[in-house]
Amino acid sequence: PDGSEESYTFRHMRKNQHEEVLFRCEDERFEIDMVIDSTATALKRLEPIAEEIAILQQKEAFSEKSTGSDTRDKTGIKNALESGGLGGNPIQYSFDKSILNTIHRHAIARVYGDSGQEILDLMHKNPVVAIPVVVKRLKQKDRDFRAARDVLNRRWKELAEINYYKSIDHRSLTWRTIDKRATSTRTL
């Protein structure tokens, strides 16, 4: 509890520099795997919702074309007030906050950085516009994270090959002092 596990006061807790490199590689692997997994679970949760929104938009566009209620102003752009919604989206879709748990929200916030909370708020206020954009961005970042992991895997493999056998040497921290004592003129 007091953090003594981090201090190397016990002999069996001491690590040489090669062990430290291997532990850092393992930590980095864990972190990138967690980022990829959390992004994938957020995608898995949001993709069906985005597909449902796309289907509703197609049905709405089809019903507008079939009824002939496509009113246009002089410039040929549909008037948002006449179409019944902001930005020409007349469908109403409610997005419950409980659909996303903490892992999903953190994955979205990680992708959007400082604007993460604002994006989460927009997903609840206007899900018809925000959710497809978030899904597209999550897919893009998932591809980026996986490509980064592939590059890092090559680097980690090289580091493991260089440091593995040196990390096994349990006497590397004390061999110089022991050797110096054994070969000193006083001992001889």
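All values derive from a computational prediction rather than experimental measurement.

Calculation notes
- Each chain has its residues counted from 1, following the order in which its sequence is written.
- In keeping with the model being predicted, local features are shown solely for residues with a pLDDT of at least 70 and side-chain atom pairs are shown and tallied solely at 80 or more, while totals for entire chains, interfaces and linings include all residues.
- Hydrogens and waters are ignored; side-chain quantities use all the structure's heavy atoms.
- Note on conventions: DSSP H or I runs of at least 4 residues are helices, E runs of at least 2 residues are strands, and numbering of each starts at the N terminus.
- Only protein chains enter the accessibility calculation, which uses a 1.4 Å probe; a residue is then buried when its area is under 20% of its type maximum, exposed when over 50%, and partly exposed in between.
- Only the protein chains shown count as cover for residues, and all accessible areas are computed by the Shrake-Rupley method using a 1.4 Å probe.
- Between N-to-C directions, angles span 0 to 180 degrees; the directions come from axes that are lines fitted to C-alpha atoms, helices contributing only their stretch in contact.
- Angles are sorted into four bins: roughly parallel if under 35 degrees, roughly antiparallel if over 145, roughly perpendicular if 65 to 115, and oblique for all others.
- Residues count as neighbours in contact if any of their non-hydrogen atoms are within 4.5 Å of one another.
- For this classification, the nonpolar set comprises Ala, Val, Leu, Ile, Met, Phe, Trp, Tyr, Cys and Pro, the charged set comprises Asp, Glu, Lys and Arg, and every other residue, Gly included, is treated as polar.
- Helix crossings get a hand from a simple test, with the near helix turned counterclockwise from the far one by less than a right angle marking a left-handed crossing and a clockwise turn marking a right-handed one.
- Throughout, nonpolar core names a set of buried Ala, Val, Leu, Ile, Met, Phe, Trp, Tyr and Cys residues whose side chains join them through atoms within 4.5 Å.
- This arc corresponds to the set of directions leading from the helix axis out to the C-beta atoms.
- We call two N or O atoms a polar contact when they sit within 3.5 Å, provided that within protein one can donate a hydrogen and the other can accept it, with sequence-adjacent residues counted only if both atoms are side-chain atoms.

Time to look at the overall build of the chain. Secondary structure assignment for the chain yields six helices and zero strands. Shown N-terminal to C-terminal, the secondary structure of the chain runs as helices and strands in the order α-α-α-α-α-α. The 188 residues of the chain split such that 24% are buried. Approximately 13,900 Å² of the chain is accessible, and the part contributed by carbon and sulfur atoms is 54%.

Put simply, helix α3 (residues 102-112) and helix α5 (residues 127-168) touch, their axes get as near as 10 Å, and they point 75° apart. In terms of axis orientation, α3 runs roughly perpendicular to α5. For the pair formed by α3 and α5, the contact residues are Ala107, Ile108, Val111 and Tyr112 on the first element and Val133, Val134, Arg137, Leu138 and Lys141 on the second. By residue class, the composition of the contact of α3 with α5 is seven nonpolar, no polar and two charged.

The next point concerns the packing of α3 against helix α4 (residues 116-125). Viewed as axis vectors pointing N to C, α3 and α4 meet at an angle of 125°, and their least axial separation amounts to 8 Å. Taken together, the axes of α3 and α4 lie oblique to each other. In this structure, the crossing between α3 and α4 has a hand that is right-handed. The residues of α4 that touch α3, namely those facing Arg105, Ile108, Ala109 and Tyr112, are Gly116, Ile119, Leu120 and Met123.

With 22 residues, the main nonpolar core has Leu46, Ile108, Met123, Ile131, Val134 and Leu138 as its most contacted residues. For this core, the elements supplying multiple residues, two or more each, are α1 (17-67), α3, α4 and α5. Beyond its immediate chain neighbours, meaning those up to four positions away, Ile108 contacts Leu46, Leu100, Ile119, Leu120, Met123, Val134 and Leu138. Core analysis: the second largest hydrophobic core is formed by seven residues, Cys25, Ile32, Val35 and Phe145 among them.

So, on to α3. An α-helical turn contains 3.6 residues, so a residue and the one three or four places further along point in the same direction. Turning to α3, its buried residues are His104, Ala107, Ile108, Val111 and Tyr112. For α3, the arc enclosing every buried residue in end-on projection is 125°, short of the 170-degree limit, so these residues lie on one face. You can read the cap of α3 off the contacts: a side-chain oxygen lies 3.1 Å from the backbone nitrogen of Ile103, and it is on Asn101. Note on α3: the residue one or two positions beyond its end, Gly113, has a positive phi of about 65°.

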